[in-house]
Amino acid sequence: MVGVGEAMVLLEADDLAGAGRFDVSVAGAELNVCTAVARLGLRAAFASRVGADPFGTRVLRDAAERAVETGLVSTDPGRPTGVFFKEIRPDGERRVHYHRAGSAASAMDVADAAACVLAPSTMCG
């Protein structure tokens, strides 16, 4: 199966305004579905775009560590990888702040879709 979408780097803290350190992870619904499929022992590929930046490197590394194939992820040297911040307040309320306008994945187009359609069947078994 192929999941198409945007994975972003998530920076999380209890108090974004005062945090000295953040927990860092990779998040994105489509990548999470691919991860679940891979954990079931099936082949999964993620299709997206990431920036030619450290966050893009992190997304690709994280996906590979999840046993998700990344051959359909392209690197866009002109756009950044999306980032978002999550704050978990003492009362349990979560606030999320996205910084993804103009991200590499936001520029996915027909050529990206065609790559998914034309991917060899060996890509996802």
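Quick notes on helix 2 (residues 54-65)
Next, step 1: Look at helix 2: 16 Å from first C-alpha to last across 12 residues, which is about the 16 Å you get at 1.5 Å a residue.
Next, step 2: Among the residues making up helix 2, those that are buried are Gly56, Val59, Asp62 and Ala63. Buried positions in helix 2, seen along its axis, are confined to an arc of 130° and lie on one side of it. What points out from helix 2, more than 90 degrees from its buried face, is the exposed set Pro54 and Glu65.

Here we look at the sheet that holds strand 2 (residues 8-13)
Next, step 1: On the basis of which strands lie adjacent, the open sheet formed by four strands has the order 3-2-6-7 and mixed pairing. Since the sheet does not close on itself, it has two edges, and those belong to strand 3 (23-27) and strand 7 (94-99), each with one partner. Recorded for the sheet is a direction-independent mean angle of 25° between the axes of neighbouring strands.
Next, step 2: Sheet analysis places strand 2 next to strand 3, joined by five bridges and oriented antiparallel. From the neighbouring strand, glutamate 12 faces strand 3, where its bridge partner is aspartate 23.

Quick look at the pattern of salt bridges
Next, step 1: According to the stated counting rule, one finds 10 salt bridges in the structure shown.
Next, step 2: Here glutamate 69 and arginine 43 are joined by a salt bridge, their closest N and O atoms 2.7 Å apart. Here the residue glutamate 69 occupies a position in strand 5 (residues 69-76), and arginine 43 occupies one in the loop between helix 1 (29-39) and strand 4 (45-51), the gap between them amounting to 26 residues.
Next, step 3: Given a relative accessible area of 39%, arginine 43 falls into the partly exposed group.
Next, step 4: For the salt bridge of aspartate 76 with arginine 79, the shortest nitrogen-to-oxygen distance reads 3.9 Å.
Next, step 5: Relative accessible area serves as the criterion here: at 13%, aspartate 76 is assigned to the buried category.
Next, step 6: Residues joined in a network through salt bridges with shared partners are Arg49, Asp76, Arg79 and Asp109.

Details of the nonpolar core
Looking at soluble globular proteins, one finds that nonpolar side chains tend to be buried together.
Next, step 1: Core analysis: the biggest nonpolar cluster contains 16 residues, and Ala7, Val26, Leu31, Cys34, Phe46, Val59 and Val68 have the highest contact counts within it.
Next, step 2: Take this core: its biggest share by element is four residues, from helix 1.
Next, step 3: The residues contacting valine 68, other than those within four sequence positions of it, are Leu31, Cys34, Thr35, Ala38, Ala44, Ala45, Phe46 and Ala63.

Looking at the pairing of strand 5
It is a general feature of regular strands that their side chains alternate between the two faces of the sheet.
Next, step 1: Sheet analysis places strand 4 next to strand 5, joined by six bridges and oriented parallel. Across the sheet, the residue bridging to valine 50 is threonine 75, located in strand 5.
Next, step 2: Taken together, strand 4, helix 2 and strand 5 form a β-α-β motif whose crossover is right-handed.

Looking at helix 1
Next, step 1: Three or more residues of helix 1 are buried, namely Leu31, Cys34, Thr35, Val37 and Ala38. The arc enclosing the buried residues of helix 1, seen along the axis, measures out at 165°, which places them on a common side. Of the exposed residues in helix 1, those oriented more than 90 degrees away from the buried face are Ala29 and Arg39.
Next, step 2: Looking at the buried residues of helix 1, the elements they touch are strand 1 (2-4), strand 3, strand 4 and helix 2.
Next, step 3: Where helix 1 terminates, the next one or two residues include glycine 41, which has phi positive at roughly 90°.

Conventions we followed
Residues numbered from 1 in each chain as written. Predicted model: local features only at pLDDT ≥ 70, side-chain atom pairs only at ≥ 80, totals over all residues. Heavy atoms only, no water. Helix = DSSP H or I, 4+ residues; strand = E, 2+ residues; numbered from the N terminus. Expected span 1.5 Å × (residues − 1). Buried < 20%, exposed > 50% of the residue type's maximum accessible area, 1.4 Å probe, protein only. Arc of directions from axis to C-beta. Pairing = 2+ DSSP bridges. Axes fitted to C-alpha atoms, helices over the stretch in contact; angles between N-to-C directions. Salt bridge = Lys/Arg side-chain N within 4 Å of Asp/Glu carboxyl O. Core = buried A, V, L, I, M, F, W, Y, C linked by side-chain atoms within 4.5 Å. Contact = heavy atoms within 4.5 Å. Right-handed = clockwise from strand over helix to strand, strands pointing away.

Everything listed is a geometric property; what it means functionally is a separate question.
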